[in-house]
Amino acid sequence: RSKSRGRKGYQFFTRAMNDAAAERLKIDQQLRGALERGEFSLVYQPIMHTRGRTLKGMEVLIRWTNPELGRISPMDFIPIAEQIGAITDLGNWVLQEACAQLQSWQRQYNRPLLMSINVSPRQFHDGSIVPKVKTVLTQLGLKPTSVQLEVTEGLLINASDRVLSDLDTLKLAGVHLALDDFGTGYSSLSYLRHLPFDVLKVDQSFVHEIARKSQDEAMVGAMVRMGHSLGMTVVAEGVETPEQAYSLEALRVDDLQGFYFSQPLCARDFERRFLAGITIDGQVLDESIWDR
Ligand code: C2E
Ligand code: MG
Ligand code: MG
Ligand code: MG
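So, how was this worked out
- Residues numbered from 1 in each chain as written.
- Chains lettered and ligands numbered in written order.
- Predicted model: local features only at pLDDT ≥ 70, side-chain atom pairs only at ≥ 80, totals over all residues.
- Heavy atoms only, no water.
- Helix = DSSP H or I, 4+ residues; strand = E, 2+ residues; numbered from the N terminus.
- Buried < 20%, exposed > 50% of the residue type's maximum accessible area, 1.4 Å probe, protein only.
- Contact = heavy atoms within 4.5 Å.
- Areas by Shrake-Rupley, 256 points an atom, 1.4 Å probe, with all protein chains shown as cover.
- Expected span 1.5 Å × (residues − 1).
- Arc of directions from axis to C-beta.

Per an unreviewed UniProt entry, the protein carries the name cyclic-guanylate-specific phosphodiesterase and comes from Saccharospirillum salsuginis.

What follows is the structure, encoded as structure tokens:
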């Protein structure tokens, strides 16, 4: 192998790699202890029934604000938390907090709500997910059917028997299982028949152009038909415009989620906008709550 040829490439890569590595290192350092320092918080984004546009539940999303780094996107720190083995503690914290919030909302507003929680494959691989979900639900007296776990197709690639049996255990207990970012992974569709998923979350990349690109419309239509034929509920994420919502409704997507309805909100704002003054069938009693 020619050394001189490799050298140019090497120099080119070191710069980019140094920046990325330095950034990674900073996140890695600050991530340790961040949970104990109370730097994480949760936000909630509504999931609406397509028909009637009433509230079905919410997806909980983690936020991190660090004194040195400022706000860091979960897309940047979740992969690092996974690599350094911090994701299980973090994921357990999310589960605990989100379920406690759900319990408080269900009691206060006396209505069923679905809390959808993102779970990392690591939480399955280390065997912590089933006992944690069981403990949290029991402690809080929550019905398993009020909780949904979102996993990506990555979990299913080379999934061990343990992962598959944990999915079955959760499903049998009544916990809803959603396949997140559906359509972006590499796994084949046939596996879906054998897995206990209740919900397909069509990735936002298909949703964004749906009102303009006929291919995306055809793709989503196919995903809806496939999901429905397997008895699954189909949700579209990343809905930003009324046109997109309309197209998705015409394609018979069951539930909608995205900035068109709301950005993810802190618990207090979510409650004010989506829970206070709304009856069990989702009708808004007091219109003034929509004023911010
Ligand atoms: P995700 O689970 O697919 O979550 C949806 C992401 O899309 C969220 O980004 C949400 O804020 C964003 N989003 C929602 N509606 C719209 C829209 O209409 N348009 C656009 N452009 N974006 C929209 P966020 O909060 O930055 O989270 C990014 C990813 O980080 C999540 O993707 C999920 O994979 C991961 N994540 C977030 N919270 C957690 C968590 O508690 N645990 C784990 N393991 N992963 C998490
Ligand atoms: Mg998700
Ligand atoms: Mg998603
Ligand atoms: Mg995503």
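When you look at the overall build of the protein in this model, what are you seeing that I'm missing?
Within the protein one finds ten helices and nine strands. Sorting the 292 residues of the protein into buried and exposed places 46% on the buried side. Pairs at least 24 apart in sequence give 65% of the contacts found in the protein among residues at least 6 apart. With an accessible surface of roughly 15700 Å², the protein has 51% of that area assigned to carbon and sulfur atoms.

Can you help me understand helix α6 (residues 161–173) in this one?
Each α-helix turn comprises 3.6 residues. Residues three or four places apart therefore point the same way. Along its 13 residues, α6 runs 18 Å from first to last C-alpha, staying within 8% of the 18 Å computed at 1.5 Å per residue. Every buried residue belonging to α6 is among Val163, Asp166, Leu167 and Leu170, and all of these are buried. Each buried residue of α6 sits inside an arc of 100° when the element is viewed along its axis, so together they form one side. When the buried face of α6 is taken as reference, the exposed residues oriented beyond 90 degrees from it are Asp161 and Leu172. Contacts made by the buried residues of α6 are with α4 (121–125), α5 (129–140), β5 (147–152) and β6 (176–182). Once α6 finishes, Gly174 follows within two positions and takes phi at roughly 110°, a positive value.

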